[in-house]
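Notes for the structure review
Given next are the chains, with one letter for each unit.
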Amino acid sequence: MIDLYVFTAKPGLPYDPLSIYLESFLNASQIPFQTYHSDDFSSKLHLPYIRENHVNISETGFIINYLEEKVEFDFDGHLDELMKATHFAFEQLLLTQFSDLLAMAFWLDDHNVNQIKSILNKETPPPLVALKIRKIQKAISQRLNLRADWQLEFKHRLIQGKKTLSHLSELLSERQWFGGLYLSKLDLIVYACLKSLLLDDFKGELHDALKTHPNLIYHNKRVSLLFSELADASSIK
């Protein structure tokens, strides 16, 4: 049994893409696991990770490789070599640069930070909320090596993020899944990265850009529905 440790935000707050991805991968792979949730922002930078036989395994790419070797199953085995290369490039882009852009869009943008504060203030005294958010913002700035004029870099990253959404939309086209007839890891990563952008209370240029690609929105709903069906099937057993 795999123990999965993930960051799970309070209802209404942005999701953690890496946590969503790993949980989705384990569900789709039907690997037995149990999930341990934490909504403590101080632990956010250390999550997610898995634990098996009293050994912790971290770093998303390494975890996926470990799980595929464990069950001797290549999740993307149905893809040809060209599609594998294309998917790999998008996966790396989403898990690094796009994921960093999401952190900036939610935790550094004034409107979205105010929305986060209003949600957290319902359960936590406002002074503590302000301290938590400042701590997270400092951690993000340090991790991304942001300078005082980070807004300029944010604008540049937004341009790249919009292009990423356009290219993803083109790659998906009218297909059900990015890999054609069958689910691929890229489907899970796109689902994990775009899930927060569909929350109603947040806005920004990246959110607006996603609205211009309805096929990506339908894809997100399709993956969500798939996991609902998997959960129902599991409960029947």
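As shown above, the structure is provided for reference.
Here's what I pulled together on the structure shown here. (Residues numbered from 1 in each chain as written. Predicted model: local features only at pLDDT ≥ 70, side-chain atom pairs only at ≥ 80, totals over all residues. Heavy atoms only, no water.)

1. Observations concerning the packing of helix H3 (residues 81-107) against helix H6 (residues 150-172)
- Put simply, H3 and H6 touch, their axes get as near as 10 Å, and they point 145 degrees apart. Here H3 and H6 pass one another in a crossing that is left-handed. Between H3 and H6, the residues in contact are Met83, Thr86, Phe90, Leu93, Leu94, Gln97, Phe98, Asp100, Leu101, Met104 and Ala105 and Trp150, Phe154, Arg157, Leu158, Gly161, Thr164, Leu165, His167, Leu168 and Leu171, respectively.
- Taken together, the residues that form the contact of H3 with H6 break down as 14 nonpolar, 5 polar and 2 charged. (Axes fitted to C-alpha atoms, helices over the stretch in contact; angles between N-to-C directions. Helix = DSSP H or I, 4+ residues; strand = E, 2+ residues; numbered from the N terminus. Left-handed = near helix turned anticlockwise from the far one by under 90°. Contact = heavy atoms within 4.5 Å. Nonpolar A, V, L, I, M, F, W, Y, C, P; charged D, E, K, R; others polar.)

2. Details of helix H5 (residues 126-143)
- Look at H5: 26 Å from first C-alpha to last across 18 residues, which is about the 26 Å you get at 1.5 Å a residue.
- Among the residues of H5, those classed as buried are Val129, Ile133, Ile136, Ala139 and Ile140. Down the axis of H5, the smallest arc covering the buried residues is 120 degrees, so these residues share one side. Set apart from the buried face of H5 by more than 90 degrees, the exposed residues are Pro127, Lys135, Lys138 and Gln142.
- Tucked inside the fold, the buried residues of H5 contact H3 and helix H4 (110-120).
- Looking at the residues trailing H5, positive phi occurs at Asn145, about 55 degrees. (Expected span 1.5 Å × (residues − 1). Buried < 20%, exposed > 50% of the residue type's maximum accessible area, 1.4 Å probe, protein only. Arc of directions from axis to C-beta.)

3. Some points on the environment of Asp76
- Structurally, the position occupied by Asp76 is in the loop between helix H2 (60-71) and H3.
- Look at Asp76 and you get buried, because its relative accessible area is 7%.
- Put simply, Asp76 and Leu186 are 110 residues apart on the chain and 9.0 Å apart in space, counted from C-alpha to C-alpha.

4. Observations concerning the sheet that holds strand E4 (residues 55-58)
- Within the open sheet, the 4 strands sit side by side as E2-E1-E3-E4. Their pairing is mixed. Two strands in the sheet have a free side with no partner beyond their single neighbour: strand E2 (33-38) and E4. If you compare each strand with its neighbour and ignore which way they point, the axes differ by 25 degrees on average.
- For strand E3 (residues 49-52) and E4, the ladder comprises 4 bridges, and the chain directions are antiparallel. Note that in E4 the partner of Tyr49 across the bridge is Ser58. (Pairing = 2+ DSSP bridges.)

5. Description of the pairing of E2
- Judged from the 6 bridges that link them, strand E1 (residues 2-7) and E2 form a sheet pairing that is parallel. Along E2, the bridge assignment pairs Asp3 with Gln34.
- One crossover worth recording links E1 to the parallel E2 by way of helix H1 (residues 17-29), and it is right-handed. (Right-handed = clockwise from strand over helix to strand, strands pointing away.)

6. Remarks on the pairing of E3
- Looking at chain direction, E1 and E3 are connected through 3 bridges and run antiparallel. By the bridge assignment for E3, Asp3 is matched with Arg51.
- Here E3 folds back onto E4, and the loop between the two strands holds 2 residues, one of which, Asn53, carries a positive phi near 55 degrees.

7. Observations concerning the pattern of salt bridges
- Counted according to the given criterion, the structure contains 10 salt bridges.
- For Lys70, the salt bridge identified is with Glu52, shortest N-O distance 2.6 Å. On the criterion of sequence distance, the pair formed by Lys70 in helix H2 and Glu52 in strand E3 is long-range, its members being 18 residues apart.
- We classify Lys70 as partly exposed; its relative accessible area is 42%.
- With its nearest N and O atoms 2.9 Å apart, the salt bridge here joins Glu153 to Arg157. Taken together, the residues Glu153 and Arg157, both in helix H6 and 4 residues apart, mark about one turn of the helix.
- Put simply, Lys10, Asp39 and Glu123 are held in one network by salt bridges that share partners. (Salt bridge = Lys/Arg side-chain N within 4 Å of Asp/Glu carboxyl O.)

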